[in-house]
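Analysis of the macromolecular model
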Amino acid sequence: MELSSKHYDSFSLYTIDAGRFKLDGGAMFGVVPKTLWSKQIPADDKNRIFMALRCLLIQSHATGRNYLIDTGIGNKFDEKMSRIYGVDTSEYDLDDSLAYHGFSRDDITDIIFTHLHFDHCGGTTDWQGEESVICFPNADLWVTKTHWETATKPNAREKASFLKENIEPLANSDKLRLIDEGHEFEPGLTHRIVNGHTLGQQLPYLTIGNTHLMFSGDLFPTFAHIPVPWVMGYDMRPIYTLEEKAQILPECESTPIHLFMEHDAQQEVITVRKEGKNFTMDKGLTLKDLP
Ligand SMILES: [Zn+2]
């Protein structure tokens, strides 16, 4: 296992890889024909594509806080669910990745959830007998108000993504922190809010001097989702996703904003460039390569 890190005076950044899983390629690419998407990311014999569960640990040297962004899919699935989603923690696992960089769950002071679909928050909790309990004893748990609203009163289509064993422990925790758009976790660490994939998805945004890094969550799940019309079938409001991508991509190119890729099995950090009318991945990098 090899994981990258990057150290600045203000912050240190660590890749926390929580494993691999698989999702249906058709659902991942919506209306894009398989003949096109499978050239970018090949499908397995069950039409699934290989996905990462890559989290990011941001250590602040100013405040001493350790922010973990998302926690992966976790270990609570039974054998059947693990098989359906091809969950594989043999090479990468949340605890091993934390330990690799010299951290444990106890060191995490804050978990910033992009959103609460099971592949983003499952690792926060584990079974203690019949009960699902939070296993980050010292962490404040940050979710946007609008997302919490939708996660606790989901529509029929999104319901399957919000698992009771993931949501209930948060609801019962006195560490749940519900925030509005524009929240500043501390100077240099804010977020962007997007609503296409799910309402109130927050994408943590780090500014260190001239370096800009955005955790791209499920706005750009893989490098192949950079072009504006390549939108997931999973998105609740695909029209919003189109608008959000069209708005942010020119900024990603000009600033430039480096994108930290949560689900891309190959790419950890990418930059984008315009090619003709559309946008595409420019460079495939790691945290180490950040300016
Ligand atoms: Zn996801």
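It should be noted that the structure appears before, not after, this text.
Residues numbered from 1 in each chain as written. Predicted model: local features only at pLDDT ≥ 70, side-chain atom pairs only at ≥ 80, totals over all residues. Heavy atoms only, no water.

Summarising the metal site, the zinc ion is bound by the protein donors Asp119 (OD), His120 (NE2), Asp218 (OD) and His263 (NE2), whose distances to it range over 2.0 to 2.3 Å. Each of the four donor atoms bound to the zinc ion contributes to angles spanning 82 to 154 degrees, and the resulting shape is irregular. (Donors = N, O, S within 2.8 Å, 3.2 Å for Na, K, Ca; no water. Tetrahedral: all angles 85-135°; square planar, octahedral: opposite > 155°, others 65-115°.)

This brings us to the sheet that holds strand S9 (residues 176–179). Strand order in the open sheet formed by seven strands is S1-S2-S3-S4-S5-S8-S9, with mixed pairing between adjacent strands. Of all the strands in the sheet, the pair left with one neighbour each is strand S1 (5–7) and S9. Pairs of neighbouring strands in the sheet enclose a mean axial angle of 20 degrees, with direction left out of account. The pairing of S1 with strand S2 (residues 11–24) spans three bridges and is classified as antiparallel. Across the sheet, Lys6 pairs through a bridge with Leu13, a residue of S2. (Pairing = 2+ DSSP bridges. Helix = DSSP H or I, 4+ residues; strand = E, 2+ residues; numbered from the N terminus. Axes fitted to C-alpha atoms, helices over the stretch in contact; angles between N-to-C directions.)

Counting 42 residues, the largest nonpolar core has Phe29 and Leu116 as its most contacted members. Those elements that provide at least two residues to this core are S2, helix H1 (25–29), strand S3 (48–60), helix H4 (94–100), helix H5 (118–121), strand S8 (140–144), helix H6 (145–152) and helix H7 (164–171). Sequence-distant contacts of Phe29, defined by excluding residues within four places in its chain, comprise Trp37, Ile41, Ile49, Thr222, Ala224, His225, Trp230, Val231 and Gly233. (Core = buried A, V, L, I, M, F, W, Y, C linked by side-chain atoms within 4.5 Å. Buried < 20%, exposed > 50% of the residue type's maximum accessible area, 1.4 Å probe, protein only. Contact = heavy atoms within 4.5 Å.)

On to unusual backbone geometry. The step from Thr255 to Pro256 runs through a cis peptide bond, and the omega angle for that step is -15 degrees. For Pro256, the position within the fold is in the loop between helix H8 (238–254) and strand S13 (257–260). Positive phi is not limited to glycine here, since Asn47 has a value of about 70 degrees. Locating Asn47 in the fold gives a position in the loop between helix H2 (34–40) and S3. For Asn47, a relative accessible area of 22% puts it in the partly exposed group.

Moving on, we come to the environment of Arg273. Its place among the elements puts Arg273 in strand S14 (residues 269–275). For Arg273, a relative accessible area of 31% gives the class partly exposed. Along the backbone, Arg273 and Ser254 are 19 residues apart, and their C-alpha atoms lie at a distance of 8.6 Å. With sequence-adjacent residues up to four places away left out, Arg273 is seen in contact with Glu253, Asn278, Phe279, Thr280, Met281 and Asp282.

Considering all chains together, one arrives at three cavities of 30 Å³ or more under this definition. There is about 90 Å³ of room inside the largest cavity. Around the largest cavity sit 14 residues that line it, and Gly74, Asn75, Leu94, Arg105 and Gly123 are the ones nearest its centre. Those elements that place two or more of their residues in the lining of the largest cavity are H4 and strand S6 (125–128). By residue class, the composition of the lining of the largest cavity is three nonpolar, seven polar and four charged. A volume near 40 Å³ is recorded for the second largest cavity. In terms of residue class, the lining of the second largest cavity is built from four nonpolar, two polar and two charged. (1 Å grid on protein atoms, 1.4 Å probe; cavity = no way out; pocket = protein on both sides within 12 Å on 5 of 7 lines; lining within 4 Å. Points joined across faces, edges and corners; volume = space filled by probe spheres on them. Nonpolar A, V, L, I, M, F, W, Y, C, P; charged D, E, K, R; others polar.)

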